[in-house]
Amino acid sequence: MSNSEIKILAIESSCDETSAAIAVNGKILNNIIATQSVHENYGGVVPELASRAHLLNIVPVVNQALTKASIQRNELNAIAFTRGPGLLGALLVGTSFAKAMALALGLPLIEVNHMQAHILAHFIDNPHPKFPFLCLTVSGGHTQIVRVKDHLEMEVVGQTQDDAVGEAFDKVAKMLNLGYPGGAKIDRLAENGDPNRFSFAKTEMPDLDYSFSGIKTSVLYFLKDQLKKDPNFIQVNQTDLAASIQAALVNMLMEKLVKAAKKFNIKTIAIAGGVSANSGLRKKLKEMEKSHGWEIHIPEFQYCTDNAGMIAMAAHYKYLKKQFVGQQVSALPRMKID
Ligand code: KG4
Ligand code: ZN
């Protein structure tokens, strides 16, 4: 490898995956992810356990990324880390590790916004979306419509005012006794169900904002009512329930996305975050390609959920603009995109 190459080590530790990746000239060489299965027993991410697992995982994950890329520490040009948004204790592990490594090696530090990185995952593989585009970022922690003007110039134009859509998927999955995280399980069950069988009341929101707590509550009361009449209601109707709930959530997402596309006259549409793995959402977006003339961009599966590859991609663009931070930097759990 020549000396003029830009080699960046990136670390992600915002929630329950400890991840490290190496970018060379903006090409992601690897993306090592250690998933924390400990949370499954608790029905949700337990912040204290996440921090402890990050501490155990971070050294092996970073070493594996370097070894796999055949890169020595002294060949690196910068160390990048997720500064936020995320869980404070979890973010502190990656932030402190990155700061210590940069200090020891005398390298520049690059802070990355996790939500911006989810969007920049679209630049890992070809073809890249052209600017300006809209990105629907949907995860366990966020639901946002973002107007993306350039790699590092983004504006949130709509977002949830309560639960994230991934949270809604997970909470409903719990009500259907599917365990945690249940989004993907609802997706699988929905394949064989009738999406028009049940309907649920939802909260209407102004402009481009979302609310998912209302529909969650309406599913809860509907199930309680039905279980009084038939204790086996969930078991017997599992696939239709999954399909109907998924369709309702996907329709809510799409309604505001269509509104945003019209408002800003943008037809290049991307999705990002864990829920972008949802097949109902992907199918709806494919239909929009034909009916609305949209150009749809969906990242490769490994870059949809939390990973350091996307952090490395964002860090590459920041390196090109020499956007470095000093050792005084700390984690920022509520970091904003714009
Ligand atoms: O982006 P992500 O990996 O982590 C966060 O930053 O939150 O997203 C995780 C979320 C979880 O709520 C999970 O249930 C949901 O993404 N998810 C899905 C699917 N796969 C993951 N939701 C619906 N359908 C899926 N296929
Ligand atoms: Zn995420």
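What comes next is a walk through the structure. Keep in mind it's a predicted model, so treat the numbers as computed, not measured.

1. Considering the site of ligand 1
Link 1 in the chain: Gly140, Asp170, Asp187, Gly274 and Asn278 are the nearest of the 19 residues found near ligand 1.
Link 2 in the chain: Between ligand 1 and Gly274, the relevant distance is 2.9 Å, taken from an oxygen atom to a main-chain nitrogen or oxygen of the residue.
Link 3 in the chain: A total of 560 Å² of accessible area belongs to ligand 1 in isolation, and the protein chains cover 87% of it.
Link 4 in the chain: When residues of the shell around ligand 1 are traced back to their parent elements, those giving at least two are helix H3 (114-120), helix H4 (165-175) and helix H5 (183-190).
Link 5 in the chain: In the shell around ligand 1, the residues fall into 5 nonpolar, 11 polar and 3 charged.
Link 6 in the chain: Shared between two domains, the shell around ligand 1 holds at least three residues of each, these being domain 1 (7-120 + 304-320) and domain 2 (129-298).

2. Focus: the pairing of strand E7 (residues 143-150)
Link 1 in the chain: Pairing of strand E6 (residues 133-138) with E7, which is carried by 6 bridges, proceeds in the antiparallel orientation. The partner of Leu136 across the bridge, within E7, is Ile145.
Link 2 in the chain: What sits between E6 and E7 in their antiparallel hairpin is a turn of 4 residues.
Link 3 in the chain: Here E7 pairs with strand E8 (residues 153-159) via 6 bridges, running antiparallel. What sits directly across from Ile145, in E8, is Gly158.
Link 4 in the chain: What sits between the antiparallel neighbours E7 and E8 is a turn of 2 residues.

So, how was this worked out
- Residues numbered from 1 in each chain as written.
- Chains lettered and ligands numbered in written order.
- Predicted model: local features only at pLDDT ≥ 70, side-chain atom pairs only at ≥ 80, totals over all residues.
- Heavy atoms only, no water.
- Near = heavy atom within 4 Å.
- Polar contact = N/O pair within 3.5 Å; in protein donor to acceptor, adjacent residues only side chain to side chain.
- Areas by Shrake-Rupley, 256 points an atom, 1.4 Å probe, with all protein chains shown as cover.
- Helix = DSSP H or I, 4+ residues; strand = E, 2+ residues; numbered from the N terminus.
- Nonpolar A, V, L, I, M, F, W, Y, C, P; charged D, E, K, R; others polar.
- Domains from an automatic or database assignment.
- Pairing = 2+ DSSP bridges.

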